[in-house]
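Spelled out, the chains give:
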Amino acid sequence: MMIHERNKKLWEHMKSDCSKCSGLCCIALFFSKIDGFPIDKAPGQPCINLLKDYRCKIHSQLEKQKMKGCIGYDCFGAGQHVTQVIYQGQTWNDIPNQSMEIFDVFIIVFQLYQIRYYLTEATSLISAKPLKKSIQCLIDENIKMCHYRPKDILSLDLEQYRNKSNHILKQVCKLLQQSIHSENKKGLANFPGGNFKGQDMSGADLSTKLLIAANFENSLFNGTIFLGADTRDTNFDDADLSEAVFLTQGQVNSAKGNRNTKLPYQLEYPSTWK
Ligand code: SF4
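Residues numbered from 1 in each chain as written. Predicted model: local features only at pLDDT ≥ 70, side-chain atom pairs only at ≥ 80, totals over all residues. Heavy atoms only, no water.

Once that is clear, we can look at the site of the ligand. Cys26, Phe31, Pro38, Cys47, Asn49, Leu50, Cys56, Ile58 and Cys70 make up every residue found near the ligand. Its residues assigned to classes, the shell around the ligand shows 8 nonpolar, 1 polar and no charged. (Near = heavy atom within 4 Å. Nonpolar A, V, L, I, M, F, W, Y, C, P; charged D, E, K, R; others polar.)

Enumeration according to the criterion identifies 9 salt bridges in this entry. Here glutamate 141 and lysine 164 are joined by a salt bridge, their closest N and O atoms 3.1 Å apart. Placement of the pair is glutamate 141 in helix H6 (residues 129-145) and lysine 164 in helix H8 (residues 158-180), with a sequence separation of 23 residues. Residue glutamate 141 is classed as partly exposed on the basis of its relative accessible area, which comes to 28%. In this structure, the salt-bridge partner of lysine 151 is aspartate 152, at a minimum N-O distance of 3.6 Å. The exposed category is assigned to lysine 151, whose relative accessible area is 54%. Residue aspartate 152 is classed as partly exposed on the basis of its relative accessible area of 24%. (Salt bridge = Lys/Arg side-chain N within 4 Å of Asp/Glu carboxyl O. Helix = DSSP H or I, 4+ residues; strand = E, 2+ residues; numbered from the N terminus. Buried < 20%, exposed > 50% of the residue type's maximum accessible area, 1.4 Å probe, protein only.)

Our next topic: the side chain of glutamine 249. Position of glutamine 249 among the secondary structure elements: in helix H9 (residues 249-254). For glutamine 249, the residues in contact, after removing those within four places along its chain, are Asp74, Leu267 and Glu268. (Contact = heavy atoms within 4.5 Å.)

As a further point, take the domain arrangement of the protein chain. We note that the domain assignment places domain 1 (3-24 + 75-177) and domain 2 (184-274) within the protein chain. When each unit is reduced to the centre of its C-alpha atoms, the spacing between domain 1 and domain 2 is 24 Å. Tallying the contact residues gives 13 residues for domain 1 and 16 residues for domain 2. When domain 1 packs against domain 2, the two sides together hide about 1200 Å² of surface, and 63% of this comes from carbon and sulfur. At the surface where domain 1 touches domain 2, the tally comes to 1 salt bridge. The residue lysine 15 makes a salt bridge to glutamate 268 at a minimum N-O spacing of 3.9 Å. Counting across the domain 1 and domain 2 interface gives 6 residue pairs in polar contact (both at pLDDT 80 or more). Of all the secondary structure elements, the ones that give two or more residues to the side of domain 1 that touches domain 2 are helix H5 (99-125) and H8. (Domains from an automatic or database assignment. Buried area = accessible area lost by both parts, 1.4 Å probe. Polar contact = N/O pair within 3.5 Å; in protein donor to acceptor, adjacent residues only side chain to side chain.)

Here it is in structure tokens:
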């Protein structure tokens, strides 16, 4: 199978499908009211709005009730994998004595899926064969780890795997910036709340930048790196993000946009974008 065909298949596995999950993100994670969740809660405690069939009681009102944390969260498909593959359809409700184990496994698998998402995109961005091969090895290792038994997942050295992946992703970002020959220094700008309407942001490295409530209406983002950027309430109305790099569904869900906003092909329009 050609690598790009294989990656297309991998993208499909990284779209979250809540109907095949058991509300894991609404239980396993710590979250707080201040971050746009309904309550302050500890990991392992179900959200007050989680129904018995694992749907959200206020799903249609999340925007109205300003549940920005819920809207912005995306598990990259880890939830359905843990529920359907690792526990073969058994949920924390079916096997309550294993519930804490399920939640801990979900948190690790979520991180592996997040890393795999970036690695999958990285393979499509570069042509250097040795680097491409190293990335593919990391993806293969990732898939293998996500199929381990729960006790083996819990004893993984995640930090070591993350460090190896980060090292490669840094090289990809560097190559990408060199290939774009960008003189764009907007990566140094002060973004939160700033107005960048209509600006060409192509080639800027916005990794880990706080873009909160910045206005990028009608801006262009060819080759712009979004790795770990905070896009809460960032305005992308009419912007062209189709060639943006390392942009995730969670970042898009947290941001504002409209139906004229152009997105990378693997991402979907949030229902809140009209
Ligand atoms: S409000 Fe709904 S989406 Fe948000 S954590 Fe609770 S159950 Fe999940």
